[in-house]
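The chain contents come next:
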Amino acid sequence: MKLVPASLRVRIIVLFSALLIVLQVLGYLLLNRASNEIARDTLALELGVGERIFLRLLEQNRNRLEESASLLASDFAFRTAVGTGDIATVTSVLANHGARASAAVMMLISLDQMVVADTVRPEARGKPFGFPELTRSAESDGKASGVVLLNGKLYQLVVVPVLAPTAIAWVGVGFNIDDRTADDLKRLTALEVSFLSRNRNGGWQLHASTLPEAVRSGLPAVMPAPGQPGEVSEHGSATEIELAGTAYQARAVGIERQGDTQFTAVLQRTVAESLQPFRRVTAAFLSLAAASLALSVLGSVLIARNITRPLNELAALAGRVEQGDYTDRAATGQRGEIGALASSFNHMLDGILAREKENLRLAFEDHLTALPNRARFHERLRAALDASRSSRQPLAVLVLDLDRFKFVNDTLGHPVGDRVLSAVAARLASVLSPGDTVARLGGDEFAILLPAGDSAHAMTVATLVQKSLEAPIIVDEQPIDIGTSVGVAAYPQHADDADDLLRFADIAMYAAKRSKSGIAVYDPHYEQYREAHLTLLGELRRAIEQGELRLFYQPKFAIASDRVTGVEALVRWQHPVRGVLPPSEFIPFAEQTGNIRMITRWVIATAAAQCGAWRVAGIELAVAINVSARDLLDRDLVSVIDAALRRHAVPPALLCIELTESALMEDPGRARATLHALRDLGVRLAMDDYGTGYSSLAYIKDLALDEIKIDRAFVTAIDANSQNAAIVRSTIELGHSLGMMVIAEGVETEAELRHLQAFGCDYAQGYRISRPMPADDIPRWMAARQRRVS
């Protein structure tokens, strides 16, 4: 039994103190960070306020200059001197008025934009006025003002017309923007003020500033270039800059743009000044932290004295729990935190027990169906194998996968799919005997363990499983058909290892799905077949890209007219090593991997090109091609077919799209939309292998199909099999009553052909007519057949 050591008191003190120090350090860091952020935010606000004050001062100064200029322009003596061309008087008046108005520059500009007089630049007389945009603005607005650059210095210049009564000249009054101006603004805004200009193709130039001489020279170099953060904008923008090792928060305010020159005022303040008030807060925080640390040490000493004894009791109880003994509970009579700790400890023990039970359930039970999961199934399978080895009794494993379940999820949603899985689990459990195990391995895959039964018994159970899933599952009053494929593997017939048994049953299940037989018992050649097809899958894309696919064409015979009016395009793979492979060898895997889309598009393009070539040669043959369920879900299918027909000048009526019943039933809504779009295009539609699926002729009629093809399974031996004959006859009659043509496929004997003729079948297709052949052989075959008929 472990007891709380005597040094716990010291450790509690150290722990509390260390914790407080950590918290204080974190608090200090957060306070320091917050102080910096608040200081910068405050500084940004001050810059914004300073900007508004600055702009107001510039506006007031402009108004003063405008009043002064207007007063001068309205002076009668001045107008008389201007009107008589008395340059000496004009110059004297400009100088006197400029002195009274404290203006830095006074000038007179003629109506033809020539400088008549200039108190700062006498040499400018007779030269063009450098800022014609100001006179144009004054002409339309009665006055104009702007910031200009004269002799490398900044001026705020106001231009007003001299009226007598119409404009006879322009008078300009300017105020110098220099260090003194910047100092005046600093006194009002409490901010550093700098004035700069920048030519569009040049750098920044400093004209005036309140910054110290040692600092101001570096300002142009840190001003942002066009497109960078802090670039001068109409409303000003803020950024942080560093001058001579000092951080400044700066706000660049665009004052004026004259031609290619931008005039800017930069309002600045050091970050350190803004942080100064917060330094006092930080110092107060550190003093408080030191006092709280001392109190914490004192308090932790007192707390440690009261904790040690009850903790010894809890430590002893924890030792028993460590050994797996959950029966004892801590005494909860003590008040305060220790009593709460003891109570919490007891609750913890209860929680541990509950979680252990829940973890065991989650580890071995599927949460959706409440069936055993894969881990539990493996556990029971290994235990059953051990028992079978001892008793020398066989056992069997079934693996089943739901057909069409993916489309349930895709069309109705996963919540509906989950309810379907739960219903399937209930049906599977209902057909099993006591002692059998059904588990959900994952997704829509289930497994069944028959601890006492061989392959024959397993086949019986597999049949019961299939029958249990034949009836539709009703979800929200909607019937959902769910078929299944079952694979069987048995001990000791096929394997004596749990992993191998499950794997072999899985391989058999895929063999059943591939052959559409529903149930398959494991056979070693399935694995070889699977490996071979895995190799083919890797080669299939290369086959498409390198042109290894071929189209063969099987004629369709019009029974009544004794003519061949169409062909069915059948794809073959000319494998460089394995020779010609039929569709059954690669199409199912292409559908699973998504490569079927490329194959279908190749078939459409090739068949349309061949149909067009036959038409050019004078052979009018309709061509039928097969599309899969995945093709019907392709939103581009209709546009691809339309483009191929247009490219090869093939009338849509010469193309027939054949679909299987299962393809139509995978997603009826999407299938109906695609088929109606094809119908609008003018393409003929046919159902292939009719009679092997789940649909009715009424449903087919709703899809606006043109043809149905009776599956070869019903056509075979109709001359000897009365049931097949009845099915074929009734299908032909019903098809005709719904306005559809009927084609019988798999016709191999003359007797079958005569019966079909007697039943009124429209077309026949099969070896009795012709085997599939390359496109080049079709014209020769038709010519030879015509000679035989004639």
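Residues numbered from 1 in each chain as written. Predicted model: local features only at pLDDT ≥ 70, side-chain atom pairs only at ≥ 80, totals over all residues. Heavy atoms only, no water.

Colleague: How should I be thinking about unusual backbone geometry in this particular structure?
Modeller: Phi is mostly negative for residues that are not glycine, and the peptide bonds are mostly trans. Of note, the amide linkage connecting Tyr491 to Pro492 takes the cis form, showing an omega dihedral of 0 degrees. Among the secondary structure elements, Pro492 is positioned in the loop between strand E16 (483-491) and helix H14 (498-515). (Helix = DSSP H or I, 4+ residues; strand = E, 2+ residues; numbered from the N terminus.)

Colleague: Would you mind showing me how to read the sheet that holds E16 here?
Modeller: Sheet strands line up and pair through hydrogen bonds in the backbone, either parallel or antiparallel. As summarised here, the arrangement of the five strands in space is E12-E13-E11-E16-E17, forming an open sheet in which the pairing is mixed. The sheet is open, and its two edges are formed by strand E12 (437-442) and strand E17 (519-521), each paired on a single side. Averaged over neighbouring strand pairs, the angle between their axes works out to 20 degrees when direction is ignored. Along the sheet, helix H10 (residues 374-391) makes contact with strand E11 (395-403), E12, strand E13 (445-450) and E16, crossing E13 at roughly 20 degrees. Contacting E11, E12, E13, E16 and E17, H14 runs over the sheet at an angle of about 145 degrees to E16. (Pairing = 2+ DSSP bridges. Axes fitted to C-alpha atoms, helices over the stretch in contact; angles between N-to-C directions. Contact = heavy atoms within 4.5 Å.)

Colleague: So what exactly am I meant to see when it comes to the environment of Gly682 here?
Modeller: Mapping Gly682 onto the fold places it in the loop between helix H21 (668-681) and strand E23 (684-690). A residue is classified by how much of its surface remains accessible, and Gly682, at 32% relative accessible area, is partly exposed. Apart from residues lying up to four places away in sequence, Gly682 is in contact with Pro652 and Ala653. (Buried < 20%, exposed > 50% of the residue type's maximum accessible area, 1.4 Å probe, protein only.)

Colleague: Even after reading the chapter, I still don't get the pattern of salt bridges, so can you show me in this structure?
Modeller: Note on pairing: side chains with opposite charge can pair once their charged atoms come close. Applying the stated criterion across every chain yields a total of 28 salt bridges. Glu707 serves as the salt-bridge partner of Arg684, at 3.3 Å between the closest nitrogen and oxygen. Placement of the pair is Arg684 in strand E23 and Glu707 in strand E24 (residues 707-710), with a sequence separation of 23 residues. Given the relative accessible area of 27%, Arg684 is considered partly exposed. (Salt bridge = Lys/Arg side-chain N within 4 Å of Asp/Glu carboxyl O.)

Colleague: Sorry if this is basic, but what is going on with the sheet that holds strand E4 (residues 153-163) here?
Modeller: The five strands lie next to each other as E2-E1-E5-E4-E3, forming an open sheet whose pairing is antiparallel. With partners counted over all chains shown, the strands left at the sheet margins are strand E2 (115-118) and strand E3 (144-150), one partner each. Between one strand axis and the next, the sheet turns through 25 degrees on average, direction left out of account. Across seven bridges, E3 lies against E4 in antiparallel orientation. Within the sheet, the bridge partner assigned to Val147 lies in E4 and is Gln156. Strand contacts of helix H2 (residues 76-84): strand E1 (105-110), E4 and strand E5 (167-177), with the helix running at about 115 degrees to E5, the strand carrying the most contacts. The strands touched by helix H4 (residues 132-141) are E3, E4 and E5; relative to E3, the strand with the most contacts, the crossing angle is about 170 degrees.

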